Amino acid sequence: MQKRRNFIKNTTLLGAIAAIGSPIKSFGILHQNLEDETIIGHGDYKYKVDKGWAKLSVSYNPLLNCHEMVQDSQGRLIMIGDHTNNNILIFDKSGKLLDSWGHAYPGGHGLSIGKDQGEDFLLITDCGWFQNKTGGYEKQAGQVVKTDLEGRLKFALGHPKTIGIYREDEPFMPTETAVAPNGDIYVADGYGSDYIIQYDSKGQYIRHFGGHNNENKEHNLSNAHGVAIDSRNPAKPTLICTSRNENCFKIFTLDGQFIERIDLPGMHVCRPVLHNQNIYAGVCWSKDEESKTNWGDSGFVTILDQNNKVISNPGGQAPKYTGGKLQATTNLKNPVFAHGHDVCIDEDNSIYVCQWNARHTAPVKLTRV
């Protein structure tokens, strides 16, 4: 985790350069004419790459990092980023920008969607990392808020210190949330103290688990970057938690009891995204052929089937199992992605890939072929 933080601090941020200077010269469409016929993926899960999907004016909608995306009940694609000109960007499936809002989340990072009395709501996670006025990165306490689809605040979840569950030396820098079938909210403190914190639908604290100091080490999490509800067995939903530094997902009961782990050697995976019977995830970094983490453009996408077996790695090498054990996976020698931070899958099984530290680029669309 420290390596990532140092990497962020040391990264040169170009900013929204096109937004400076002549309005006529700076008005343009990001990724214009970048669609190509590149096909990536494996088996039945192959995709055509479209880097020109999003139609954005770099003058009016500048980007830093595109962190996560969800689809609402109207079929719109809602993305969160960390540029406070427009934390939220809303697209249709053709890539047309429909709306933008949000100026209060300099660490805009996590985005989840749920329903309350038949209406969609958003859970917005600010992780606490923000770009200061000199272009460097700093950190502060994070926050999680519930809003409607227009950004109107419904409530903020209680900070762990204010409700007495964190010690003074335990930082809170959340990265992700998930909403259970009963409305309970799970918060992954992935850049802070690595706990999963459970609240009820009203925002009242229930319990927390994970962290670093459990007697059973499998209960520990290291960079608990993502969390998701697995309802593929509706009678027995479970919680999938990312332990990114361990290159794995860990499965828990909804009350925080460890069940099993899914090892993904070589993959620094982000949040798990459930679609039909599969798990999809962005891979932010992968390891090279010498088993050293490549902190550069080494991301891709990974797809697991209903048995939690990797079946495709769009942008990465084909999955290989030896003796039933997945071997370490790296990205392609000619990278398609920078850092795969999140994915959103629509009803056509197209994948929208949000990338961190990708030189201010918009999400990439992968159309299944």
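Residues numbered from 1 in each chain as written. Predicted model: local features only at pLDDT ≥ 70, side-chain atom pairs only at ≥ 80, totals over all residues. Heavy atoms only, no water.

## What about the overall build of the protein?
Defined as follows: Each helix is a run of H or I in the DSSP string that is no shorter than four residues. Each strand is a run of E no shorter than two, and both are numbered from the N terminus. Within these notes, the globule rule equals 2.2 Å times the number of residues to the 0.38 power, and the radius of gyration is based on C-alpha atoms. Only protein chains enter the accessibility calculation, which uses a 1.4 Å probe. A residue is then buried if its area is under 20% of the maximum for its type, exposed if over 50%, and partly exposed in between. By definition, residues are in contact when any of their heavy atoms lie within 4.5 Å. Where accessible areas are quoted, they stem from the Shrake-Rupley method and a 1.4 Å probe; at the residue level, only the protein chains shown are allowed to cover. By the counting rule applied here, Lys and Arg register as positive and Asp and Glu as negative, while His and the ends of each chain are not counted. Charged groups are reduced to one reference atom each: NZ for lysine, CZ for arginine, CG for aspartic acid, CD for glutamic acid.
Looking only at helices and strands, one finds 2 helices and 31 strands in the protein. By the compact-globule yardstick of 21 Å for 369 residues, the protein fits well, its C-alpha radius of gyration being 19 Å. With the principal axes as the frame, the protein shows a C-alpha extent of 60 × 50 × 40 Å. A burial count over the protein gives 55% of its 369 residues as buried. When contacts within the protein are restricted to residue pairs at least 6 apart in sequence, those whose partners lie at least 24 apart make up 50%. Entry remark: accessible area of the protein is about 15,800 Å², with carbon and sulfur atoms responsible for 47%. Distance from the positive charge centre (38 side chains) to the negative charge centre (41 side chains) of the protein: 4 Å.

## Remarks on the pattern of salt bridges
Heads up, the condition is: For this document, the term salt bridge refers to a Lys or Arg side-chain nitrogen within 4 Å of an Asp or Glu carboxyl oxygen.
By the definition in use, this model includes 19 salt bridges. Among the ionic pairs, Arg261 bridges to Glu246, the shortest N-O distance being 3.7 Å. Separated by 15 residues along the polypeptide, Arg261 in strand S20 (residues 258–263) and Glu246 in the loop between strand S18 (238–243) and strand S19 (248–252) bring together distant segments of the chain. Overall, the relative accessible area of 25% leaves Arg261 in the partly exposed class.

## Considering the sheet that holds strand S3 (residues 66–71)
For clarity, the cut-off: Pairs of strands are assigned from DSSP output, requiring at least two bridges between the strands. Note on geometry: axes are C-alpha line fits, over the in-contact stretch for helices, and angles between N-to-C directions span 0 to 180 degrees.
Here we have 4 strands laid out as an open sheet, ordered S3-S4-S5-S6, and antiparallel in their pairing. For this open sheet the edge positions go to S3 and strand S6 (97–101), each flanked by a neighbour on one side alone. If you compare each strand with its neighbour and ignore which way they point, the axes differ by 20° on average. Taken together, the 4 bridges between strand S5 (residues 88–91) and S6 define a ladder with antiparallel strand orientation. Pairing of Ile88 across the sheet is with Trp101, part of S6.

## Some thoughts on the environment of Pro335
You can see Pro335 is positioned in the loop between strand S28 (325–326) and strand S29 (340–345). You can call Pro335 partly exposed: its relative accessible area is 42%. For the pair Pro335 and Gly316, spaced 19 residues apart in sequence, the C-alpha separation works out to 8.2 Å.

## Focus: the nonpolar core
Convention followed: Nonpolar cores were defined as sets of buried Ala, Val, Leu, Ile, Met, Phe, Trp, Tyr and Cys residues, with membership established by side-chain atoms within 4.5 Å.
Among the nonpolar cores identified, the biggest contains 16 residues, and Tyr280, Phe337, Val343, Ile351, Val353 and Leu366 are the most heavily contacted of them. Listing elements by their share of this core, those giving two or more residues are strand S2 (45–50), strand S25 (300–304), S29, strand S30 (351–355) and strand S31 (364–368). With 3 residues, S2 is the largest single contributor of residues to this core. Setting aside chain neighbours within four positions, we find Phe337 in contact with Ile40, Asp297, Gly299, Phe300, Val301, Pro314, Gly315, Val353, Gln355, Val364 and Leu366.

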